[in-house]
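Overview (structure and organization)
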Amino acid sequence: MENTDTDTATETKLPANSCLLDEPLQRGNTTIDLVTLRKPKTGELRGLSLQDLLQLDVNALQKLLPRISTPTLTEQDVAALDPADLVQLGTIAVGFFIPKGQIPGSLNA
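The notes below deal with the structure included here. Residue numbers here run from 1 along each chain, matching the order of that chain's written sequence. The predicted nature of this model means local features are confined to residues of pLDDT at least 70 and side-chain atom pairs, given and counted, to a pLDDT of 80 or more, with totals for whole chains, interfaces and linings taken over all residues. Excluded from the side-chain calculation are hydrogens and water; included are all heavy atoms of the structure.

Comments concerning the pairing of strand β2 (residues 30-37)
Note the following rule: When DSSP locates at least two bridges between a pair of strands, those strands are taken to pair. Counting from the N terminus, the helices are the DSSP runs of H or I reaching at least four residues and the strands are the DSSP runs of E reaching at least two.
Across six bridges, strand β1 (residues 18-27) lies against β2 in antiparallel orientation. Paired with L25 across the strands is I32, a residue of β2. Here β1 folds back onto β2 in antiparallel fashion, the turn holding two residues, of which G28 has a positive phi close to 65°.

Written as structure tokens, this is what we have:
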């Protein structure tokens with residue numbers, strides 16, 4: 001029997017570099033369930049080790065994510081994230097450090 005439920009048949013396309021949190025954050029009366037990251041500028045990496053970021057070091061991500069997230073997460077918000085959500089956001093962030101020529105399917109590969 002085919003499922004005709006429109007909710008399951010329609011996939012919601014997320015904005016680029018976005019993560020739908022498995023466990024939404026509660027900040028006062030606001031629920032944060034979608035976080036979008038933008039590529040950091042070099043200045044936003046100050047005080048951070050690229051090696052730590054590439055290894056998804058929790059402390060490094062706790063410093064970086066507030067600098068590049070929309071809505072802006074605090075360090076406390078990042079500390080309160082479900083581990084699966086932290087890995088998802090960290091994976092998006094690490095993707096910003098891969099040269100275009102090394103991305104599978106890119107024209108320069």
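What to know about helix α3 (residues 58-68)
As a reminder, the rule being used: Three labels apply to residues, based on accessible area from a 1.4 Å probe with only protein chains included: buried if under 20% of the type maximum, exposed if over 50%, partly exposed otherwise in between. In this description, contact between two residues means that some pair of their heavy atoms is separated by no more than 4.5 Å. Polar contact is defined as a pair of N or O atoms within 3.5 Å, subject to the rule that within protein one atom must be able to donate a hydrogen and the other to accept it, and that residues adjacent in sequence are counted only when both atoms are side-chain atoms.
Three or more residues of α3 are buried, namely A60, L61, Q62, L64, L65, P66 and I68. In this structure, the buried side of α3 is in contact with β2, α2 (50-54), β3 (69-70), α4 (75-80) and α5 (83-95). Residue D57 occupies the N-cap position of α3, its side-chain oxygen lying 3.1 Å from the main-chain nitrogen of N59.

A word on the side chain of S69
Tracing the backbone through its elements, the reader meets S69 in strand β3. On the accessibility criterion, S69 (5% relative accessible area) is buried. Within the local environment of S69, its side chain forms a polar contact with the backbone oxygen of P71, the two atoms lying 3.3 Å apart.

Here we look at the packing of α3 against α5
Convention followed: A fitted line through C-alpha atoms represents every axis, and for helices the fit uses only the stretch in contact; the resulting angles, taken between N-to-C directions, go from 0 to 180 degrees. Roughly parallel means an angle under 35 degrees; roughly antiparallel, over 145; roughly perpendicular, 65 to 115; everything else is oblique. When residues are sorted by character, Ala, Val, Leu, Ile, Met, Phe, Trp, Tyr, Cys and Pro go into the nonpolar class, Asp, Glu, Lys and Arg into the charged class, and all the rest, Gly among them, into the polar class.
Where α3 meets α5, the axes come as close as 11 Å, and the angle between the chain directions of the two elements is 70°. Taken together, α3 and α5 sit at an angle that is classed as roughly perpendicular. Here V58, L61, L64 and L65 of α3 lie close against α5, whose contacting residues are L86, L89, G90 and A93. Residues of the contact of α3 with α5, tallied by class, amount to seven nonpolar, one polar and no charged.

Focus on the environment of V58
Mapped onto the elements of the fold, V58 is located in helix α3. Considered as a pair, V58 and V87 are 29 residues apart in the sequence and their alpha carbons are 9.2 Å apart.

Some words on unusual backbone geometry
Among all residues save glycine, negative phi is the norm, and among peptide bonds the norm is trans. For the peptide bond that leads from T70 to P71, omega is -5°, which places it in the cis range. When you line up the elements, P71 lands in the loop between β3 and α4. The phi dihedral of N17 is positive, around 60°, even though this residue is not glycine. Unusually for a residue other than glycine, L56 sits at a positive phi of about 55°. In this structure, L56 sits in the loop between α2 and α3.

These figures come from the coordinates and say nothing about function on their own.
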